[in-house]
Amino acid sequence: MSILAFALGCALAVPTVLLMLMNGCILGAMFYVFWAKGLAYEFGAGLFIHGSTELFAIASPELPGCA
């Protein structure tokens, strides 16, 4: 879905914003499902670990000395 969002960014970013909104709705629905079962903390912890490692992987090629 990220490649689709990147490709559609040329169209004044409207489709990209809609894809981000859809991803946010899906994430909110998943959080509610886990919250209803009492597992919101565990779900949030998993998202934090996944997000922090993914952002580091995206940013690491631009770090000095990593080429």
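Predicted model only: the values in this text are computed from it and were never measured. (Residues numbered from 1 in each chain as written. Predicted model: local features only at pLDDT ≥ 70, side-chain atom pairs only at ≥ 80, totals over all residues. Heavy atoms only, no water.)

In this section: the overall build of the chain. Across its full length, the chain holds three helices and zero strands. Scanning the chain from its N terminus toward the C terminus, one meets helices and strands in the order α-α-α. A compact globule built from 67 residues should have a C-alpha radius of gyration of about 11 Å, whereas the chain, at 16 Å, is more than 25% larger. On the principal axes, the C-alpha backbone points of the chain span a range of 45 × 35 × 10 Å. Within the chain, the proportion of its 67 residues that are buried is 9%. (Helix = DSSP H or I, 4+ residues; strand = E, 2+ residues; numbered from the N terminus. Rg over C-alpha atoms; globule rule 2.2 N^0.38 Å. Buried < 20%, exposed > 50% of the residue type's maximum accessible area, 1.4 Å probe, protein only.)

In this structure the tally under the stated criterion is three aromatic pairs. A centroid spacing of 6.1 Å and a plane angle of 50 degrees characterise the contact between Phe31 and Phe43, whose relative ring orientation is tilted. In this pair, Phe31 is assigned in helix H2 (residues 14–36) and Phe43 in helix H3 (residues 40–59), connecting sequence segments 12 residues apart. The partly exposed category is assigned to Phe31, whose relative accessible area is 37%. Taking the centre distance of 4.5 Å and the plane angle of 15 degrees together, the rings of Phe34 and Phe43 count as stacked. What makes Phe43 buried here is its relative accessible area of 14%. (Phe/Tyr/Trp six-rings, centres within 6.5 Å; stacked < 30°, edge-to-face > 60°.)

Turning our eyes to something else, we now look at H2. Taking 1.5 Å as the rise per residue, H2 with 23 residues should run 33 Å; its terminal C-alpha atoms sit 33 Å apart, in good agreement. Trailing H2 by a residue or two, Gly38 shows a phi angle of about 80 degrees, which is positive. (Expected span 1.5 Å × (residues − 1).)

Together, Leu12, Val14, Leu18 and Leu21 make up an exposed nonpolar region whose accessible area comes to about 450 Å². Within the secondary structure, Val14 is located in helix H2. Taking relative accessible area as the criterion, Val14 reaches 48% and is therefore assigned partly exposed. (Patch = residues over 30% accessible without salt bridge, like charges linked within 9 Å, V, L, I, M, F, W, Y side chains within 5 Å. Areas by Shrake-Rupley, 256 points an atom, 1.4 Å probe, with all protein chains shown as cover. Salt bridge = Lys/Arg side-chain N within 4 Å of Asp/Glu carboxyl O.)

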